[in-house]
Amino acid sequence: MYNHPARANYFGRQALDGWKETFLGLDKRWDHTLPVTYQGGYLENWAFLSKRTLFVSVHLINAPIIDELEWAQRHRASHAFIREAVDAYPGQFDVLVLLSNAKPTEHHDDFFNRLTYTIVTNRDLMRMPIVYLHGSGHIWEEEEKFLNLPNMLRVQIEGRKKHPVRVMIDTTSPNPVKIHRHQGDILAECCVRPGWPK
């Protein structure tokens, strides 16, 4: 799309500035008691624990790759932040929700390979539902057994001018994840009663 580096850089900076204005420090815009932590150097990455669910958001970027070193460093830092968040709450969560903007492509293999290794080498993570919720593709997609992991679900939301998506997690249920599309009246395919995992 952006075949000229200067043009790509301009639109990349413009997109990042818009993202920062809209989302950076979003949790500070209302009163709450959520223990939100941020990653030093990457304040767009944040995490919090609520009702035995750990939410971790990392800012992965879509192609084109303008600066390969920054791209690789961002992936390493985002993976490290997920590991740190998981390690900060041992035994305190039963569901892990990962949020990002990027649809996984071959450009993200280094990140997702590290993430897969982290999950498969952690007995607790392998026993719990993990959801990767992301935007970017702007069409609805659901993928169970994401990364070939039986306990992982990937959902790409439509975004843009579509209705918000409601994600409900009830860690007291054996099927804790329910995802509703379009004003809450459509259950996502993966999450038809009683919920996911089935």
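Structural data are supplied above this passage.
Structure report, in brief. The structure displayed is predicted, hence computed values, not measured ones.

Our focus in this paragraph is a nonpolar patch on the surface. On the surface, Phe23, Leu26 and Trp30 cluster together into a nonpolar patch covering about 300 Å² of accessible area. Mapped onto the secondary structure, Phe23 falls in helix 1 (residues 5-23).

Taken as a whole and assessed by the stated rule, the structure comprises six aromatic pairs. Both rings, one in Phe112 and one in Phe146, keep their centres 5.6 Å apart while their planes meet at 80 degrees; by these two values the pair is edge-to-face. One end of the pair, Phe112, is in helix 3 (residues 109-120); the other, Phe146, is in the loop between strand 6 (141-144) and strand 7 (152-156), and 34 residues separate them in sequence. With respect to burial, Phe112 and Phe146 carry one shared label: buried. Centroid distance Tyr132 to Phe146: 5.8 Å. Interplanar angle 10 degrees. Geometry classified as stacked.

On the secondary structure map, Glu141 appears in strand 6. According to the relative accessible area criterion, Glu141 is buried, its value standing at 18%. Within the structure, the side chain of Glu141 is placed 3.0 Å from the side chain of Lys103, a separation counted as a polar contact. When residues no more than four places from it in sequence are discounted, the contact partners of Glu141 are Lys103, Arg154, Val155 and Gln156.

Definitions and cut-offs
- Residues numbered from 1 in each chain as written.
- Predicted model: local features only at pLDDT ≥ 70, side-chain atom pairs only at ≥ 80, totals over all residues.
- Heavy atoms only, no water.
- Patch = residues over 30% accessible without salt bridge, like charges linked within 9 Å, V, L, I, M, F, W, Y side chains within 5 Å.
- Areas by Shrake-Rupley, 256 points an atom, 1.4 Å probe, with all protein chains shown as cover.
- Salt bridge = Lys/Arg side-chain N within 4 Å of Asp/Glu carboxyl O.
- Helix = DSSP H or I, 4+ residues; strand = E, 2+ residues; numbered from the N terminus.
- Phe/Tyr/Trp six-rings, centres within 6.5 Å; stacked < 30°, edge-to-face > 60°.
- Buried < 20%, exposed > 50% of the residue type's maximum accessible area, 1.4 Å probe, protein only.
- Polar contact = N/O pair within 3.5 Å; in protein donor to acceptor, adjacent residues only side chain to side chain.
- Contact = heavy atoms within 4.5 Å.

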